[in-house]
Amino acid sequence: MNNSPDQNGPASATEDEIGLTRRLFLGASGVSVLAAAHAGAAAPSAQEVADRRNVQFRINGNSVSAHVEPRVTLLDYLRDRLHLTGAKKGCNEGACGACTVLVDGKRVNSCLMLTVQCEGAEVATIEGIGTPEKLHPVQQSFIEHDAFQCGYCTPGQILSAIACIEEGHAADAESVAEWMSGNICRCSAYPQITSAVLAAAKTRS
Amino acid sequence: MRNFAYIVAHGPDDAFAADGVNQMPIAGGTELLNWLRLGIAAPADLIDISRLPGLDQIRRSGDRVSIGALATLNVVGEHELVHRHASVLSQACLAAASPQIRNRATLGGNVLQKTRCSYFRAETPLPWGCNKRVPGSGCAARDGNNERHAIFGWTDECVATQPSDPVVALSALEAQVEVVGRSGRRLLPMADLHVTQAEAKAAGRDPARTESRLATGELIVAYHVPVRARARSAYVKVRERASYEYALVSAAAVIELDERSCIGRAAIALGSVAQKPWRLIEAEQRLVGLPPIREAVLPVLRSAMSSARPLAHNRYKVAMASGAAARAVVEAGERA
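Residues numbered from 1 in each chain as written. Chains lettered and ligands numbered in written order. Predicted model: local features only at pLDDT ≥ 70, side-chain atom pairs only at ≥ 80, totals over all residues. Heavy atoms only, no water.

(A) How the structure looks around the overall build of chain B. Secondary structure summary: chain B contains 13 helices and 12 strands in total. In terms of C-alpha radius of gyration, chain B reaches 19 Å, essentially the compact-globule figure of 20 Å for 336 residues. Projecting the C-alpha coordinates of chain B onto the three principal axes gives extents of approximately 60 × 45 × 35 Å. Here chain B holds 336 residues, and 61% of them are scored as buried. Excluding contacts between residues fewer than 6 apart, the proportion of contacts in chain B whose partners are at least 24 apart in sequence is 64%. Here chain B has roughly 13,300 Å² of accessible surface; of this, 50% comes from carbon and sulfur atoms. The centroid of the 41 positive side-chain charges in chain B is displaced by 2 Å from the centroid of its 33 negative side-chain charges. (Helix = DSSP H or I, 4+ residues; strand = E, 2+ residues; numbered from the N terminus. Rg over C-alpha atoms; globule rule 2.2 N^0.38 Å. Buried < 20%, exposed > 50% of the residue type's maximum accessible area, 1.4 Å probe, protein only. Contact = heavy atoms within 4.5 Å. Areas by Shrake-Rupley, 256 points an atom, 1.4 Å probe, with all protein chains shown as cover. Lys, Arg positive; Asp, Glu negative; His and termini not counted. Charge placed at Lys NZ, Arg CZ, Asp CG, Glu CD.)

Following this line, the structure appears as structure tokens:
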């Protein structure tokens, strides 16, 4: 984890959430502050309040106290409530992999998971992987192998690749192709992505 | 997505409250959330069964391997016991969906996924007829785009197929499904869990909306796969891309070889050709005594397709299914 609580000072609860930069967010002492601020700003109806549930979990090492309707997916919570927009909403039906995050170390489609199902979980998003000064080896490898064009699928590709390597499914190109198939790349950078994953796996071992 | 109440089940009894319409169980949710988005289901309550203790276990007990319904497809697919005693199931699990989905999707939910028919999967309100979605509205696929639809067991009311990969493997393995409900616990053969439209109609049920023999409130809790010391098995999935795609057709073969290396026993199931895994019972008997080579088994499997009733656009499935079955037999025979 790169985002130590004291690095940039805590974000104020009165701060306009939309205006928060990613860096500010990462510096926040606890994302629960932001979630609470949002809940107040949205002024939900009494019915909505009654239907909401509290969920305690962790995102990128920070404790989260979410107060959400059961229908809110983890992806929507990350993007709309916390403005962690690295996870992308490509298809919103589990077909593209752009929303891939790690939950308790396992890669999942965050569009196919309810926030209320995250109780007690440890979630990792691309915002918690590496820093501009010190990239994660998989991020570095994607740059070195030119493994993206538009970049839209890249956060999902990188989280998926980290898990793929961790699982031991990056032994050869065929295995990488099979075990990275849950991440679609419209620019079709597949050969470069495969090279990047293989190189990162090699460096690790 | 309409909102719903979320209830965490602490024991199986909590889950039996689910009537399947107003209260629905959720485990991995990879299929259910899309039903909610499309309007295929709109329950008032979701009952989360994913934290029920002990239901994700895989263990050998006597002459069977028992797999808890909450075991995920990746866990089942990579489990040593499944590899050793039911490699066809391992293959089928790992050929399903994507690594991300397989980390959430459970074997219990997978077999109850619904057809991929694009008319069925449209967002409500439907711009065309679908008897599964709106009773009495017709079946747009019957005379429409039906390349992916059934060649066995369909009726004019519905021509959908069951799309699961593990279902096909479990059927060929002659696994039993353990279900628990308000009136107790029971076992049913995997091949009897699902029903075709024709079977439902013959039983006086709605042919489009009756998909399984599960009763209201019944929950799949485990699968029991018989261990046959000499069995070898293989799964063949034919699809339009090599990974992360539904089958056009698939085939699972579980065979035993005799002392002459000829087929002593065979169980074969086809996938994506009907609303249930389609066993080739007669052909299985005729394969006995033949060597597990393509030239020998293909004629038998071809003739097994003579009862197929292809639709306007899926005649290709007839030859493709017998070819896939032949490949599965050959590949099973080549396994140690």
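(B) Main features of helix H13 (residues 316-334) of chain B. Here H13 of chain B is 19 residues long and its end C-alpha atoms lie 27 Å apart, about the 27 Å a rise of 1.5 Å per residue gives. The elements touched by buried residues of H13 of chain B are strand S9 (231-238), strand S10 (249-257), strand S11 (263-271) and helix H12 (294-303) of chain B. (Expected span 1.5 Å × (residues − 1).)

(C) Representation of the sheet that holds S9 of chain B in the model. All names here are of chain B. If you trace the 4 strands from one edge of the open sheet to the other, you get S9-S10-S11-S12, paired in antiparallel fashion. At either end of the open sheet lies a strand with only one pairing partner, and these are S9 and strand S12 (278-279). Bridge analysis of S10 against S11 gives 8 bridges, and the strand direction is antiparallel. When the bridges of S11 are listed, Leu-257 appears paired with Ile-263. (Pairing = 2+ DSSP bridges.)

(D) Geometry of unusual backbone geometry. Of note, the bond from Thr-124 of chain B into Pro-125 of chain B is cis; its omega dihedral lies within 30 degrees of zero at 0°. For Pro-125 of chain B, the position within the fold is in the loop between helix H7 (107-110) and helix H8 (166-172). For Asp-104 of chain A, which is not a glycine, the phi torsion comes out positive at approximately 50°. In this fold, Asp-104 of chain A is placed in the loop between strand S3 (100-103) and strand S4 (106-109).

(E) Quick peek at the packing of helix H5 (residues 137-144) of chain A against helix H6 (residues 154-167) of chain A. All names here are of chain A. Two elements in contact, H5 and H6, have axes whose closest approach is 10 Å; the angle formed by their N-to-C orientations is 120°. Between H5 and H6, the interaxial angle falls into the category oblique. Here H5 runs over H6; the crossing is right-handed. Taking contact as the criterion, the partners of Val-138, Gln-139 and Phe-142 in H5 are, on H6, Thr-154, Gln-157, Ile-158, Ala-161, Ile-162 and Ile-165. (Axes fitted to C-alpha atoms, helices over the stretch in contact; angles between N-to-C directions. Parallel < 35°, antiparallel > 145°, perpendicular 65-115°, else oblique. Left-handed = near helix turned anticlockwise from the far one by under 90°.)

(F) Representation of the side chain of Ser-212 of chain B in the model. All names here are of chain B. Position of Ser-212 relative to the elements: it lies in the loop between helix H10 (197-202) and strand S8 (219-226). Among the polar contacts made by the side chain of Ser-212, one reaches the main-chain amide nitrogen of Leu-214 at a distance of 3.1 Å. Dropping the residues within four chain positions of it, Ser-212 is found in contact with Leu-193, His-194 and Val-195. (Polar contact = N/O pair within 3.5 Å; in protein donor to acceptor, adjacent residues only side chain to side chain.)

(G) Fine view of the packing of H12 of chain B against H13 of chain B. Residue and element names in this part refer to chain B. For the pair H12 and H13, interaxial distance at closest approach is 9 Å and the crossing angle is 140°. Taken together, the axes of H12 and H13 are oblique relative to one another. Of the two elements, H12 crosses H13, and the hand of that crossing is right-handed. In this structure, H12 uses Arg-294, Val-297, Leu-298, Leu-301 and Arg-302 to contact H13, whose residues at the interface are Ser-322, Gly-323, Ala-325, Ala-326, Val-329 and Val-330.

(H) Structural detail: the pattern of salt bridges. All names here are of chain B. Under the criterion given, the structure shown has 24 salt bridges over all chains. Glu-240 is paired through a salt bridge with Arg-148; the nearest N and O atoms lie 2.9 Å apart. One end of the pair, Glu-240, is in the loop between S9 and S10; the other, Arg-148, is in the loop between H7 and H8, with 92 residues separating them in the sequence. With relative accessibility at 33%, the residue Arg-148 sits in the partly exposed group. Put simply, Arg-185 and Glu-178 hold a salt bridge, and the shortest N to O gap is 2.3 Å. Since its relative accessible area comes to 58%, Arg-185 is described here as exposed. Connected via shared salt-bridge partners are Glu-174, Arg-228, Arg-265, Arg-279 and Glu-284. (Salt bridge = Lys/Arg side-chain N within 4 Å of Asp/Glu carboxyl O.)

(I) Quick look at the sheet that holds strand S5 (residues 122-124) of chain A. All names here are of chain A. Ordered by their spatial adjacency, 5 strands build an open sheet running S2-S1-S5-S3-S4, and the pairing between neighbours is mixed. Among the strands making up the open sheet, the edge pair consists of strand S2 (62-68) and S4. Strand-to-strand, the axes of this sheet are offset by a mean angle of 40°, without reference to chain direction. In this sheet, S5 lies alongside S3 in antiparallel orientation, the contact comprising 2 bridges. Across the sheet, residue Leu-102 finds its bridge partner in S5, namely Ala-124.

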